[in-house]
Amino acid sequence: MSTTETTTSATPLRAVALVCTLSPSPAPSSSQLLAEQTMAALAEHGVTGRTIRIADHDVKPGVETDMGDGDAWPEIRDTILGADILVLSTPIWLGHASSIAQRVLERLDAEISETDDEGRMLTYGKAAAVCVVGNEDGAHKVSADLFQGLNDVGFSLAPGAVTYWVGEAMQGTDYQDLDKTPEATAGTTKTLAANTAHLARQLKAAPYPPSA
């Protein structure tokens with residue numbers, strides 16, 4: 001391994017996982033579980049960080065960085081901007097990401113007008129990844145929607161930037177109820193972590209060019 005590769009792989013990174021379950025703490029959550037497993041996988045690549053369950057905070061509707069009147073988003077936004085990786089974890093409801101995940105994307109829309117001195121969105125140097133859980137088909141559709149939204153607001157996505165589990169349709173088993181993590185999901189989570197950490201380090205070492 002070259003000196004450059006050694007330095008790059010050793011670069012410490014920070015991540016934040018936004019858990020978009022509809023249930024506030026301390027209710028159990030499959031979205032929380034998969035987000036925590038993803039953070040653990042990222043930790044194997046020198047990434048530290050935290051999870052935030054959005055339902056525990058008063059995130060106002062809107063498309064501004066601060067909607068005032070006790071809005072919790074500015075503090076969460078500071079955490080995102082201080083991280084190198086954003087993980088967005090959502091359940092599937094009626095074939096779509098949760099309404100809370102949609103609200104997060106709507107609040108992130110404000111980043112389009114927040115730029116540095118060279119015209120780049122403040123999110124340009126950050127990687128994103130997605131976790132999806134549900135009892136129905138739709139993980140690919142949900143991840144596609146979130147990928148597009150995250151890319152629109154400046155995040156970069158590595159190959160394999162989603163991990164998911166969906167149970168058999170029309171039955172009640174949740175991801176958190178499984179006796180053990182399915183090998184396919186565990187392997188996908190490891191790939192997400194490896195590729196996303198790699199991308200985040202590359203972005204940190206070599207920022208995107210100034211925007212025209």
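Residues numbered from 1 in each chain as written. Predicted model: local features only at pLDDT ≥ 70, side-chain atom pairs only at ≥ 80, totals over all residues. Heavy atoms only, no water.

> Could you give me a rundown of the pairing of strand β6 (residues 156–166), with the residues and numbers involved?
Here 7 bridges tie strand β5 (residues 127–134) to β6, and the two strands are oriented parallel to one another. Among the inter-strand pairings, C131 is bridged to a residue of β6, identified as T163. In this fold, the crossover linking β5 to β6 by way of helix α5 (residues 139–152) has right-handed handedness. (Pairing = 2+ DSSP bridges. Helix = DSSP H or I, 4+ residues; strand = E, 2+ residues; numbered from the N terminus. Right-handed = clockwise from strand over helix to strand, strands pointing away.)

> So what's going on with helix α4 (residues 99–108)? Which residues, and what values?
Because the α-helix completes a turn every 3.6 residues, residues three or four places apart line up on one side. Of all the residues in α4, the buried ones are I100, A101, V104, L105, R107 and L108. The buried residues of α4 occupy an angular sector of 160° when projected down its axis, which confines them to one face. (Buried < 20%, exposed > 50% of the residue type's maximum accessible area, 1.4 Å probe, protein only. Arc of directions from axis to C-beta.)

> Kindly report on unusual backbone geometry, identifying the contributing residues and their values.
In the segment running from S25 into P26, the intervening peptide bond is cis, with an omega of 10°. Its location among the elements puts P26 in the loop between β1 (13–19) and α2 (30–43). For D69, which is not a glycine, the phi torsion comes out positive at approximately 50°. Looking at the secondary structure, you find D69 in the loop between β2 (47–53) and α3 (73–81). If you check the backbone angles, L94 has positive phi at about 55° while not being a glycine.

> Which residues make up the pattern of salt bridges, and what values do they have?
All chains considered together, the criterion is met by 9 salt bridges. Residue R77 pairs with E111 through a salt bridge whose shortest N-O separation is 2.5 Å. With R77 in helix α3 and E111 in the loop between α4 and β5, this residue pair connects regions lying 34 residues apart in the sequence. Residue classification places E111 among the buried positions, given a relative accessible area of 1%. The residue E114 makes a salt bridge to R77 at a minimum N-O spacing of 4.0 Å. Of this pair, E114 sits in the loop between α4 and β5 while R77 is found in helix α3, placing the two residues 37 residues apart along the sequence. Taking the relative accessible area as the measure of exposure, R77 reaches 12% and is therefore buried. Salt bridges here are not isolated pairs; linked through shared partners, they connect R77, E111 and E114. (Salt bridge = Lys/Arg side-chain N within 4 Å of Asp/Glu carboxyl O.)

The quantities given are spatial measurements derived from coordinates; they are silent on function.
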